[in-house]
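A closer look at the structure
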Amino acid sequence: MKMVVAIIKPFKLDEVREALSTKNVSGVTVTEVKGFGRQKGHTQMYRGSEYVIDFLPKVKLEVAVTDEQLEGVITTICEIANTNQIGDGKIFVHDLDQVVRIRTGETGNDAI
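Rules behind the numbers
- Residues numbered from 1 in each chain as written.
- Predicted model: local features only at pLDDT ≥ 70, side-chain atom pairs only at ≥ 80, totals over all residues.
- Heavy atoms only, no water.
- Pairing = 2+ DSSP bridges.
- Helix = DSSP H or I, 4+ residues; strand = E, 2+ residues; numbered from the N terminus.
- Axes fitted to C-alpha atoms, helices over the stretch in contact; angles between N-to-C directions.
- Contact = heavy atoms within 4.5 Å.
- Parallel < 35°, antiparallel > 145°, perpendicular 65-115°, else oblique.
- Left-handed = near helix turned anticlockwise from the far one by under 90°.
- Nonpolar A, V, L, I, M, F, W, Y, C, P; charged D, E, K, R; others polar.

The next thing to look at is the sheet that holds strand 1 (residues 2-8). Pairing is antiparallel across the open sheet formed by four strands, whose spatial order is 2-5-1-6. Only two strands of the sheet have a single neighbouring strand rather than two, namely strand 2 (29-35) and strand 6 (90-95). Averaged over all pairs of adjacent strands, the angle between strand axes in this sheet comes to 25°, irrespective of strand direction. Relative to strand 6, strand 1 is paired through six bridges, and the arrangement is antiparallel. Counted as the bridge partner of Val4 is Val93 from strand 6. Against the sheet, helix 1 (residues 13-21) contacts strand 1, strand 2 and strand 5 (56-65), and its axis sits at roughly 10° relative to strand 5. Helix-sheet contacts for helix 2 (residues 70-81) involve strand 1, strand 5 and strand 6, and the interaxial angle to strand 1 is about 5°.

Okay, the packing of helix 1 against helix 2 next. A pair of packed helices is characterised by two quantities: the angle between their axes and the separation of those axes. Two numbers describe how helix 1 lies on helix 2: the axes approach to 9 Å, and their chain directions differ by 150°. Regarding the angle of helix 1 to helix 2, the classification is roughly antiparallel. Judged by the sense of rotation from one axis to the other, the crossing of helix 1 with helix 2 is right-handed. Each of Glu15, Val16, Ala19 and Leu20 in helix 1 lies in contact with helix 2, whose residues at this interface are Val73, Thr76, Ile77, Ile80 and Ala81. Of the residues in the contact of helix 1 with helix 2, the class split is seven nonpolar, one polar and one charged.

Put into structure tokens, the structure is as follows:
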């Protein structure tokens, strides 16, 4: 089992969620985050004054998947979240040692 963590642009969230549902992904945790990578933020004008935005808004998706689903989920996120512009995001994959569904006590792949 794997935990896929994807950092994407906020306006791509609905498209990615819909695409993941077609891959039989049953649950996604979404967190609004801020950060920067190679973009290093940007400057904006507000009421005639220039100011720097160091951290840009992003969305963090966390998806627990079986080993069989992993490549399909990564491919789907890459295809849908891609805008061919800097700041499209990154995907991180972590091993999951154990998963337990609290309500039923199911473990492993059955809990996902």
